[in-house]
Amino acid sequence: MLVLAHISDLHLDGTARAMERAERVRDRLWQLPGRVDALLVTGDIADHGAEAEYEEAARILGLHEGEPPFPVLTCPGNHDSRAPYRKALLRRPAADGPVNGVRVFGGGAVLMCDSSIPGSDEGALDDETYDWIEATLDELGGSVPALLAFHHPPVALHHPLPDSYQLDGPGRLAALLERRPQIAGLITGHAHTPAATVFAGRPLVVGPGVTWTLRLPWEGEQIADRDAPVGLAFHVLDDEGRLTTHFRVVT
């Protein structure tokens, strides 16, 4: 069994408000009485893609000083910038190609995919990323269940803001899922609202935003609920390959 904590859309921008909300959810997770296998952060870690914002994220998540209680897995969003993300958050040489990575656990694997398009709010998985997904799944073999994590949802969530910036080319992703039955589900962020649906016959779970929560059209005209509590999710990939998600708020 694989258990993931999941947060998204921290939008760290140097303000005390953004920092406090990120630290609040971090403290809740670090103080869990039971262990999860990893924390997954699905993009928009920085608000402006600045190196200082990633240094702040690294400090909050304990990536470079001290030791987090479990691995921290990340993938970029449309507000992130690849070169400073690599340099300040991952401590790797700065480069502009897609930031993809995999972590294998006893209960499955998490493929962290880069759906960002430099200089754009649009989202897409490019040829290099699709090739990387295919090669990684080949290396894992068909018996290891895998979760794909990226920022932009590939389906409409019934709000005009996130629906304007869905993942481009969802048909190609659907074809990949059809060929790859070991993919147990998709985990995304971007929409600032906890949501669960189905894409190409697989579970698709959207993580809540740390910085603010999206108001749906029937909840009022104001888009951003900045007073909503911080949200997080727990994903359980069980031994039968079934993905179950529990949502929580941190007040």
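Before reading on, note that the structure itself is shown above.
Residues numbered from 1 in each chain as written. Predicted model: local features only at pLDDT ≥ 70, side-chain atom pairs only at ≥ 80, totals over all residues. Heavy atoms only, no water.

Student: Residue-level account of the overall build of the protein chain, with values.
Tutor: Counting its regular elements, the protein chain contains six helices and 15 strands. Whereas a compact globule of 251 residues would reach a radius of gyration of roughly 18 Å, the protein chain reaches 17 Å, a difference of no more than 12%. In terms of its C-alpha atoms, the protein chain occupies a principal-axis envelope of roughly 45 × 45 × 40 Å. Within the protein chain, the proportion of its 251 residues that are buried is 56%. In the protein chain, of all internal contacts separated by at least 6 residues, the share reaching a separation of at least 24 is 66%. Averaged over its 21 positive side-chain charges, the protein chain has a centre that lies 5 Å from the centre of its 36 negative ones. (Helix = DSSP H or I, 4+ residues; strand = E, 2+ residues; numbered from the N terminus. Rg over C-alpha atoms; globule rule 2.2 N^0.38 Å. Buried < 20%, exposed > 50% of the residue type's maximum accessible area, 1.4 Å probe, protein only. Contact = heavy atoms within 4.5 Å. Lys, Arg positive; Asp, Glu negative; His and termini not counted. Charge placed at Lys NZ, Arg CZ, Asp CG, Glu CD.)

Student: Explain the pairing of strand β11 (residues 202-206) residue by residue, including any values.
Tutor: Judged by how many residues are buried, β11 sits mostly within the fold: four of five residues are covered. Here five bridges tie strand β10 (residues 195-199) to β11, and the two strands are oriented antiparallel to one another. Pairing of Phe199 across the sheet is with Arg202, part of β11. Once β10 ends, the chain turns through two residues before running back antiparallel as β11, passing Ala200 with a positive phi of about 50°. (Pairing = 2+ DSSP bridges.)

Student: Quick rundown of the pattern of salt bridges? Include the residues and the values.
Tutor: Tallied over the entire structure, the rule returns 13 salt bridges. Between Asp27 and Arg26 there is a salt bridge, with its nearest N and O atoms 2.6 Å apart. The exposure class assigned to Asp27 is partly exposed, which follows from its relative accessible area of 32%. Note that Arg242 is salt-bridged to Glu240, the shortest N-O span being 3.0 Å. Arg242 sits in the partly exposed class, given a relative accessible area of 47%. Sharing partners across several salt bridges, the network here consists of Glu134, Asp138, Arg179 and Arg180. (Salt bridge = Lys/Arg side-chain N within 4 Å of Asp/Glu carboxyl O.)

Student: Tell me about the sheet that holds strand β2 (residues 38-42), and name the residues and values.
Tutor: Strand order in the open sheet formed by five strands is β3-β2-β1-β14-β15, with mixed pairing between adjacent strands. The open sheet has two free edges, formed respectively by β3 (72-75) and β15 (243-250), since each of these has just one partner strand. Between one strand and the next, the sheet's axes are offset by a mean angle of 25°, whatever the strand orientation. Judged from the four bridges that link them, β2 and β3 form a sheet pairing that is parallel. Considered in β3, the bridge of Thr42 is made with Cys75. Contacts from helix α1 (residues 16-30) reach β1 (2-7), β2, β3, β14 (230-237) and β15 within the one sheet, and its direction differs from that of β14 by about 35°. (Axes fitted to C-alpha atoms, helices over the stretch in contact; angles between N-to-C directions.)

Student: Before we move on, could you go through unusual backbone geometry and cite the residues and values that matter?
Tutor: Trans peptide bonds make up the majority, and among non-glycine residues the majority have a negative phi. Here His190, not a glycine, exhibits a phi torsion of approximately 80°, which is positive. What makes His190 buried here is its relative accessible area of 11%.

Student: How would you summarise the sheet that holds strand β4 (residues 101-105) if you had to cite specific residues and measurements?
Tutor: With mixed pairing, six strands are arranged side by side in an open sheet as β4-β5-β8-β9-β11-β10. Among the strands making up the open sheet, the edge pair consists of β4 and β10. Each strand of the sheet is rotated relative to its neighbour by a mean of 20°, with strand direction disregarded. Where strand β8 (residues 146-149) and strand β9 (residues 183-188) come together, four bridges link them in parallel fashion. Across the sheet, Ala146 pairs through a bridge with Ile183, a residue of β9.

Student: Tell me about the packing of helix α2 (residues 51-60) against helix α3 (residues 82-89), and please be specific about residues and values.
Tutor: The contact between α2 and α3 brings their axes to 8 Å, and the two run at 40°. For the element pair α2 / α3, the angle class is oblique. When you trace α2 past α3, the crossing you get is right-handed. Across from Glu51, Tyr54, Glu55, Ala57 and Ala58 in α2, the residues of α3 making contact are Pro84, Tyr85, Lys87, Ala88 and Leu89. When the residues that make up the contact of α2 with α3 are grouped by side-chain class, the tally is seven nonpolar, no polar and three charged. (Parallel < 35°, antiparallel > 145°, perpendicular 65-115°, else oblique. Left-handed = near helix turned anticlockwise from the far one by under 90°. Nonpolar A, V, L, I, M, F, W, Y, C, P; charged D, E, K, R; others polar.)

Student: I'd like a rundown of the side chain of His235, residues and numbers included.
Tutor: Residue position: His235 is located in strand β14. On the accessibility criterion, His235 (0% relative accessible area) is buried. Here His6 takes part through its side chain, which lies 2.9 Å from a polar atom of the side chain of His235. A polar side-chain atom of His235 sits 2.8 Å from a polar atom in the side chain of Thr245. Beyond its immediate chain neighbours, meaning those up to four positions away, His235 contacts Leu2, Val3, Leu4, His6, Ile187, Val205, Leu243, Thr244 and Thr245. (Polar contact = N/O pair within 3.5 Å; in protein donor to acceptor, adjacent residues only side chain to side chain.)

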